[in-house]
Every structure is written in structure tokens, then in C-alpha cells.
Amino acid sequence: MTDSVYLRLAGPLQSWAKPAVSGNYINTQMIPTESALQGLVAGALGYPRGRWPKWISSIDFAVREDHRPQIVDDFHTI
């Protein structure tokens, strides 16, 4: 069995919301949060949001930053 997996997250616009999300203005972190990566893995395996197996919470993540991110404003409406 593989001990590690490399995921390259290289989209032009990515947002990794900080834990406190409220109102219409959402701040982003420079790197993905652990819960975001857990959700990404769970979604890739086909589990519904918030209903993944407990072993996903025990995964250890290491993030490597190749390029310094540039924060931009992105406007959304509902």
C-alpha cells in the first residue's frame, strides 16, 4: 500500500476559507485548510459532504507552496 499521495492543486483561482465564515465577505487563507483537504479526498472517493468515514480524519497532510499566492477580490451573488 502507498504511504503517500501527491496532489497538485494548481487552479488559477482557489479559495481556502478561514474557519470563521459569516456575512457576505469571506477571507481566504494562503494554503488549503486540513478540513478542505479532507473534504477534497472524501469527495474524490464519492462520499457525501460531512458523511465520510472516520479514517479520513486521521490522514496527515503536508502542504508545499511552490509559488507565493496572490490574493484577489472575487465577487459572487446568490
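Rules used throughout
- Residues numbered from 1 in each chain as written.
- Predicted model: local features only at pLDDT ≥ 70, side-chain atom pairs only at ≥ 80, totals over all residues.
- Heavy atoms only, no water.
- Helix = DSSP H or I, 4+ residues; strand = E, 2+ residues; numbered from the N terminus.
- Contact = heavy atoms within 4.5 Å.
- Areas by Shrake-Rupley, 256 points an atom, 1.4 Å probe, with all protein chains shown as cover.
- 1 Å grid on protein atoms, 1.4 Å probe; cavity = no way out; pocket = protein on both sides within 12 Å on 5 of 7 lines; lining within 4 Å.
- Points joined across faces, edges and corners; volume = space filled by probe spheres on them.
- Buried < 20%, exposed > 50% of the residue type's maximum accessible area, 1.4 Å probe, protein only.
- Salt bridge = Lys/Arg side-chain N within 4 Å of Asp/Glu carboxyl O.
- Arc of directions from axis to C-beta.

Glancing now at the overall build of the protein chain. Scanning the protein chain for helices and strands turns up one helix and two strands. Counted from the first residue to the last, the protein chain has its helices and strands arranged as β-β-α. In the protein chain, once contacts between residues fewer than 6 apart in sequence are set aside, the share between residues at least 24 apart is 34%. Accessible area of the protein chain: about 7,300 Å², with a carbon and sulfur share of 53%.

With that settled, consider the layout of surface pockets. Volume-wise, the second largest pocket comes out at about 180 Å³. In terms of lining residues, the second largest pocket is bounded by Ser 35, Gly 39, Ala 42, Gly 43, Tyr 47, Pro 48, Arg 49 and Trp 52.

On to the side chain of Gln 38, then. Within the fold, Gln 38 resides in helix H1 (residues 34–44). For Gln 38, a relative accessible area of 10% translates into the label buried. Here Gln 38 is in contact with Trp 52, Ile 56, Ser 57 and Phe 61, once residues within four sequence places are set aside.

Applying the stated criterion across every chain, the model contains two salt bridges. Of the charged contacts in the structure, one is a salt bridge between Arg 64 and Asp 66, with a shortest N-O distance of 2.9 Å. A single burial state applies to Arg 64 and to Asp 66, both of which are exposed. The salt bridge partner of Arg 68 is Glu 65, with a shortest N-O separation of 3.2 Å. Glu 65 sits in the partly exposed class, given a relative accessible area of 36%.

What follows deals with H1. Burial in H1 covers these residues: Leu 37, Gln 38, Val 41 and Ala 42. The buried residues of H1 occupy an angular sector of 135° when projected down its axis, which confines them to one face. Turned more than 90 degrees away from the buried face of H1, the exposed residues are Ser 35 and Ala 44. Positive backbone phi, at 90°, marks Gly 46, one or two positions downstream of H1.

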